[in-house]
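Close look at the chain arrangement
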Amino acid sequence: MNSRIAKITVVYLLAFFTGLNFVIFPALSSAFTDPSLFGLSPAQFGNLFIPQVICIIASCLAAPFLVNKTGPKVILGIGLVLMMAATAGLWSLQFFMDEKQVLFTALMVLVACTGTGFGLSITTLNPLAASLSEGNKSSAILILQFLVGLGTSVSPLMMNAAGNLQHWMYVPGTVFILVAVLFVLFLSLRLEKESLFQLPGHFKIPSRLWLFFAAIVFYGFIEGTFGSFGVVILKNEGLNNQQASLGLSLFWGGIAVNRLLFGVFSKKFNLSYVFLGSPLAVAVLL
């Protein structure tokens, strides 16, 4: 498949499934913390996301250099293989449910694979989508980010559809099959080996920009808390597993819709006050 439409279609599907893979571990939090299944303590469940964060940061920083050296297809392929390995490995853990210590160690490794695959994929997909839409690069990235967010909202819904916690393995199994099919389509694409990233020789960060970086970090704390522990928080508030999964899906769905709305209306309106007022609204609601 070498047509531009085919390439754009596969890239957008990759964005959706990258988001789907990214939230698969938080979506299964009820199964991970259930004593009859994985039996993770709250501390163990929280520790799962340490390798994920480290691997995402490292892979996002390395991806531009790797893409410029080897081309986008190689790096995207590696990202997809890592995500498929994570879902396949997660599915296979159903046969080792009696080995609690092995389960936790295996989950740490699988989360690291997911984080690395996500970082390599999402960092490469943004400029790749832009390069395939020369006329309107910003819209291409906007659609791609919306699809990533849409994928994150679907993952908890899959757990909700599974119903019984004993059926948790259907979620990674289904995701693996779908991504494997997409991987075959991806291999048939012909992507040119090009330098998608313009990397500066040196750069200086203005002092005021550090304040914005600090705000991003604090926002990351909030998103990470609700995105990773949303189901646990909602269950502690009295909701059942299905309701808690739906709540997590609404959270990620809200982020996806917000990305789309900001992208559409920011061209016509000054949304600075909305941007500044949103965190205050969250604080008041909490």
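Parameters and conventions
- Residues numbered from 1 in each chain as written.
- Predicted model: local features only at pLDDT ≥ 70, side-chain atom pairs only at ≥ 80, totals over all residues.
- Heavy atoms only, no water.
- Helix = DSSP H or I, 4+ residues; strand = E, 2+ residues; numbered from the N terminus.
- Rg over C-alpha atoms; globule rule 2.2 N^0.38 Å.
- Buried < 20%, exposed > 50% of the residue type's maximum accessible area, 1.4 Å probe, protein only.
- Contact = heavy atoms within 4.5 Å.
- Lys, Arg positive; Asp, Glu negative; His and termini not counted.
- Charge placed at Lys NZ, Arg CZ, Asp CG, Glu CD.
- Core = buried A, V, L, I, M, F, W, Y, C linked by side-chain atoms within 4.5 Å.
- Expected span 1.5 Å × (residues − 1).
- Bend = angle between axes of the 7 residues up to and from the residue.
- 1 Å grid on protein atoms, 1.4 Å probe; cavity = no way out; pocket = protein on both sides within 12 Å on 5 of 7 lines; lining within 4 Å.
- Points joined across faces, edges and corners; volume = space filled by probe spheres on them.
- Phe/Tyr/Trp six-rings, centres within 6.5 Å; stacked < 30°, edge-to-face > 60°.
- Patch = residues over 30% accessible without salt bridge, like charges linked within 9 Å, V, L, I, M, F, W, Y side chains within 5 Å.
- Areas by Shrake-Rupley, 256 points an atom, 1.4 Å probe, with all protein chains shown as cover.
- Salt bridge = Lys/Arg side-chain N within 4 Å of Asp/Glu carboxyl O.

Assigned secondary structure in the chain consists of twelve helices and zero strands. For the chain, the α and β elements follow one another from N to C terminus as α-α-α-α-α-α-α-α-α-α-α-α. For 286 residues, the compact-globule formula gives about 19 Å, and the C-alpha radius of gyration of the chain, at 19 Å, lands near that figure. Projected onto its principal axes, the C-alpha positions of the chain cover 55 × 50 × 35 Å. Within the chain, buried positions represent 44% of all 286 residues. Summarising the internal contacts of the chain: among those between residues at least 6 apart in sequence, 82% fall at separations of at least 24. Counting 14 positive and 8 negative side-chain charges, the chain places the averaged centre of each group 16 Å from the other.

Glancing now at the environment of Lys-69. The topology assignment puts Lys-69 in helix α5 (residues 49–70). You can call Lys-69 exposed: its relative accessible area is 64%.

We now examine the nonpolar core. Counting residues in hydrophobic clusters, the biggest one holds 64 residues, and the most contacted among them are Phe-32, Phe-38, Leu-90 and Trp-168. Top element by residues in this core is helix α7 (residues 100–131). It accounts for eleven residues. Setting aside anything within four residues of it in sequence, one finds Phe-32 in contact with Phe-25, Phe-38, Gly-39, Leu-40, Phe-45, Leu-48, Leu-90 and Leu-107.

Turning to helix α12 (residues 272–285), a few remarks are in order. Counted at 1.5 Å a residue, the expected span for α12 with its 14 residues is 20 Å, and the 20 Å between its end C-alpha atoms agrees. The largest bend in α12 amounts to roughly 30° and is located at Ser-278, with the proline Pro-279 lying one to four residues further along.

Moving on: α7. Here α7 contains 32 residues, and its C-alpha end-to-end distance of 47 Å stays within 8% of the 46 Å for a straight helix at 1.5 Å per residue. At Leu-125, α7 is bent by approximately 25°, the largest bend along its length, and proline Pro-127 sits one to four residues beyond.

We now examine the layout of surface pockets. Space inside the largest pocket adds up to approximately 2,300 Å³. Around the largest pocket sit 49 residues that line it, and Ile-216, Tyr-219, Gly-220, Glu-223 and Ile-255 are the ones nearest its centre. For the lining of the largest pocket, the elements supplying multiple residues, two or more each, are α5, α7, α8 (137–162), α10 (207–236), α11 (241–265) and α12.

Bringing the packing of aromatic side chains into the picture now. Counting across every chain of the model gives 15 aromatic pairs. A ring pair is formed by Phe-226 and Phe-251, whose centres lie 6.0 Å apart and whose planes are at 35°; its orientation type is tilted. Here Phe-226 is found in helix α10, whereas its partner Phe-251 is found in helix α11, with 25 residues between them in sequence.

So, on to a nonpolar patch on the surface. On the surface, a cluster of nonpolar side chains totalling about 700 Å² of accessible area is made up of Leu-209, Trp-210, Phe-212, Phe-213, Ile-216, Phe-275 and Leu-276. Looking at the nonpolar patch, the elements that each hand over two or more residues are α10 and α12. Ranked by residues supplied to the nonpolar patch, first place goes to α10 with five residues. With respect to the secondary-structure elements, Phe-213 resides in helix α10. A residue is classified by how much of its surface remains accessible, and Phe-213, at 31% relative accessible area, is partly exposed.

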